[in-house]
Amino acid sequence: MNKDDIKGIRQLLTSPKRIAIIPHRSPDGDAMGSTLGLYHFLLKLGHNPFVIAPNEFPDFLAWLPGSEKVSVFEKDKETGIRMLQEADIVFTLDFNALHRTGEMEHTLVTLKVPFVMIDHHQKPDSYATFMYSDTTFGSTCEMLYNFIREMDGEHLIDRTIATCIYTGIVTDSGSFRYPSTTSATHRIVANLIELGIDNSEVHTLLFDNNSFDRLQLMGQALQNMKVFPEHKTAYITLSQKELDQHHYVKGDTEGLVNYGLSIKGIIFAAIFIEHREENIIKISFRSQGNFDVNQFARDHFNGGGHINAAGGKSYQNMRDTIKKFENIIKSL
Ligand code: 5GP
Ligand code: MN
């Protein structure tokens, strides 16, 4: 973080403020962990913070401390708009462009109060007054730990805040396996464990919560997988019909994209999921090594993200989307 931004944010926080904290739409473990971690920290500093998520967060995160207090903008827009308009400061966490908040963007762009961004995605937009943006970090939660340290608040990190931060670090690092996991990450985690978090229990809560339906859906996804060894690529499709058959609930498709990468020799994996209501195909991309899926998602599928994990969408139907994808990979 640069010194001016640290000074500016400290200045903002010298007197009690109403503070809106916002994760991206369809928040993941890092988005929820970082927003709730910051929420608990700002509470301890004597502010009046509130987390307002653009849409519903998945069940596998509903145990996070404070999640019961999170407002969901798209469930009650009138209240959401009023809350945002009453904020003195807006923190946006784990995203780099206001359109990642969906409909909430229309309200956010009208606000005149200072914005603070904490984020690790590439090519951040310039909406924020104070920016802590660094793509070398594996998670926004790891950045939040540093942010709290810069605010001279490390001693205020308790088990609750630590649990939130640990959640984002674990989920965004693929349980410490992605290359962005550094010695600094592990040092922070060591501190969190010393603060008394039940790290093993967090893993259980995050990952051992499958329903039978979800496992069946996973089976379907694996059956649908297509592999192109000569292009080191594998992809999965899931149609709305297949989702319905297995009583899909939010979060059920989380992580499925990674199975492609687990095949020996595959360095590029994708999953295409039909969203009939929104009339789009939502796509997730993952890669190993230097293949830049952020660029791929930007170039071809209206998306973005990181070098090894990105997402995007297609407005064509599944068949045409797949045809387009196959043509692109064959031309790479
Ligand atoms: P996921 O595949 O897990 O949804 O997303 C992987 C990464 O890509 C995340 O960091 C996420 O923020 C980013 N991402 C996912 N979908 C989109 C999208 O439609 N646009 C942009 N710019 N980034 C995305
Ligand atoms: Mn993240």
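Residue numbers run consecutively from 1 along every chain, following the written order of its sequence. Naming scheme: in the order in which they are written, chains are lettered from A and ligands are numbered from 1. Note on the predicted model: pLDDT of at least 70 is required for a residue's local features to be given, and 80 or more for side-chain atom pairs to be given and counted; whole-chain, interface and lining totals, by contrast, use all residues.

A word on helix α6 (residues 159-172)
What counts, and what does not: Secondary structure counts use DSSP, requiring at least four H or I residues in a row for a helix and at least two E residues in a row for a strand, with both numbered from the N terminus. One less than the number of residues in a helix, times 1.5 Å, gives the span that helix is expected to have. To sort residues by exposure, count the other C-beta atoms lying within 10 Å of each residue's C-beta; 20 or more gives buried, 12 or fewer gives exposed, and values between give partly exposed, all with C-beta atoms placed from the backbone.
Between the first and last C-alpha of α6 there are 20 Å, a value that for 14 residues agrees with the 20 Å anticipated at 1.5 Å per step. The buried count for α6 comes to 13 of 14 residues, which makes it a mostly enclosed element.

Describing the site of ligand 1
The test is simple: The rule is simple: place the C-beta atom from the backbone, and if it lies within 6 Å of a molecule or strand, the residue is near it. All amino acids are sorted into three groups, where Ala, Val, Leu, Ile, Met, Phe, Trp, Tyr, Cys and Pro are nonpolar, Asp, Glu, Lys and Arg are charged, and the leftover types, Gly among them, are polar.
Taken together, the neighbourhood of ligand 1 is formed by His-121, Ser-284, Gly-303, Gly-304, Gly-305, His-306, Ala-309, Ala-310, Gly-311, Gly-312 and Lys-313. Counting only elements with at least two residues in the shell around ligand 1, the list comes to β11 (304-305) and β12 (309-314). With five residues, the single largest contributor to the shell around ligand 1 is β12. Partitioned by chemical class, the residues of the shell around ligand 1 number two nonpolar, eight polar and one charged.

Examining the sheet that holds β11
Our working definition: The pairing criterion for strands is at least two bridges between them, as found by DSSP.
Read from one edge of the open sheet, six strands run β7-β8-β9-β10-β12-β11, paired in mixed fashion. Edge positions in the open sheet fall to β7 (226-228) and β11, since each of these has one partner strand only. Note: β11 against β12, two bridges, orientation antiparallel. Counterpart to Gly-304 in the pairing with β12 is Gly-311.

What to know about the domain arrangement of the protein chain
Selection criterion: For every domain, the bounds stem from an assignment made automatically or drawn from a database.
In terms of domain boundaries, the protein chain breaks down into domain 1 (3-207) and domain 2 (212-331). Here the side of domain 1 that touches domain 2 is built from residues that sort into three nonpolar, three polar and two charged.

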